Amino acid sequence: MVHVLFVCLGNICRSPMAEAVFRHKVWEAGLLDSITIDSAGTGDWHLGEKPHQGTRDILQKYKIDDSNMFARQVVSTDFSKFEYIVAMDDSNVENLKGFVGTEEPRSQVFKMLDFLPEGQAGNVPDPYFTGNFEEVYEMINTSSENLLAHIRADQNI
Ligand code: 4NP
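Residues numbered from 1 in each chain as written. Predicted model: local features only at pLDDT ≥ 70, side-chain atom pairs only at ≥ 80, totals over all residues. Heavy atoms only, no water.

### What about the layout of surface pockets?
Size it by volume and the largest pocket reaches roughly 160 Å³. If you trace the largest pocket, you find it lined by Ala20, Arg23, His24, Trp27, Leu32, Ile64, Asp65, Asp66, Ser67, Asn68 and Met69. By residue class, the composition of the lining of the largest pocket is five nonpolar, three polar and three charged. (1 Å grid on protein atoms, 1.4 Å probe; cavity = no way out; pocket = protein on both sides within 12 Å on 5 of 7 lines; lining within 4 Å. Points joined across faces, edges and corners; volume = space filled by probe spheres on them. Nonpolar A, V, L, I, M, F, W, Y, C, P; charged D, E, K, R; others polar.)

### Observations concerning the environment of Met1
Tracing the backbone through its elements, the reader meets Met1 in the segment before β1 (2–8). Not counting the four nearest positions on each side in its chain, Met1 is found in contact with Leu32, Asp33, Ser34, Ile35, Thr36 and Glu83. (Helix = DSSP H or I, 4+ residues; strand = E, 2+ residues; numbered from the N terminus. Contact = heavy atoms within 4.5 Å.)

### Things to note about the side chain of Ser107
Along the polypeptide, Ser107 turns up in the loop between α4 (90–96) and β4 (108–111). At 3.0 Å, the side chain of Ser107 and the backbone oxygen of Phe79 are in polar contact. There is a polar contact of 2.6 Å between the side chain of Ser107 and the backbone oxygen of Phe82. Excluding residues within four positions of it along the chain, Ser107 makes contact with Asp78, Phe79, Ser80, Phe82, Glu83 and Ile85. (Polar contact = N/O pair within 3.5 Å; in protein donor to acceptor, adjacent residues only side chain to side chain.)

### A closer look at unusual backbone geometry
Phi at Asn11 is positive, roughly 60°, even though this residue is not glycine. Take Asn11: it is sitting in the loop between β1 and α1 (14–28). Assessed through its relative accessible area of 3%, Asn11 is described here as buried. (Buried < 20%, exposed > 50% of the residue type's maximum accessible area, 1.4 Å probe, protein only.)

### Points about the sheet that holds strand β2 (residues 35–41)
Reading across from one edge, β2-β1-β3-β4 is the order of the four strands in this open sheet, with parallel pairing throughout. What marks the edges here is a single partner per strand, and that holds for β2 and β4. If you compare each strand with its neighbour and ignore which way they point, the axes differ by 25° on average. One ladder, built from four bridges, connects β1 with strand β3 (residues 84–87); its direction is parallel. For Phe6, the partnering residue across the bridge sits in β3 and is Val86. Running at roughly 175° to β2, α1 makes contact with β1 and β2 of the sheet. Helix-sheet contacts for helix α6 (residues 133–155) involve β1, β2, β3 and β4, and the interaxial angle to β3 is about 160°. (Pairing = 2+ DSSP bridges. Axes fitted to C-alpha atoms, helices over the stretch in contact; angles between N-to-C directions.)

Written as structure tokens, this is what we have:
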């Protein structure tokens, strides 16, 4: 089993969108038995909340399941459970360092836009502040496809 965790700040806009879009692609590829997907935030303001209405509207528009996602915060054991941690922006990567515990980490930390050819070193803009969920969906959709291809090649699945 391969474990993938998407991380943003609040775990209500970008990382649940990435979780749902990526899970949809894993489902389409028939790989739900091989890859598990989750998301978390570095902040704790929205614990237990469903995704932001803007994220739910986008997922419904593209007929992607948005059920059973509730915001949680990153925990130190995430670094021993998840092989792939995919952050939405540089500040998430920086904040993640504060959660590393004493266990030997086995996670590789990436940024979502590492998986866009033109997006090297880029950040997924935060629609909580920009209001532009469609732009974020386009980035997440394309980078999810490339992330899945990367993991399949990496893991031979
Ligand atoms: P997200 O967006 O990191 O994409 O979930 C945010 C959601 C909430 C807050 C910040 C960003 N907040 O400050 O409450």
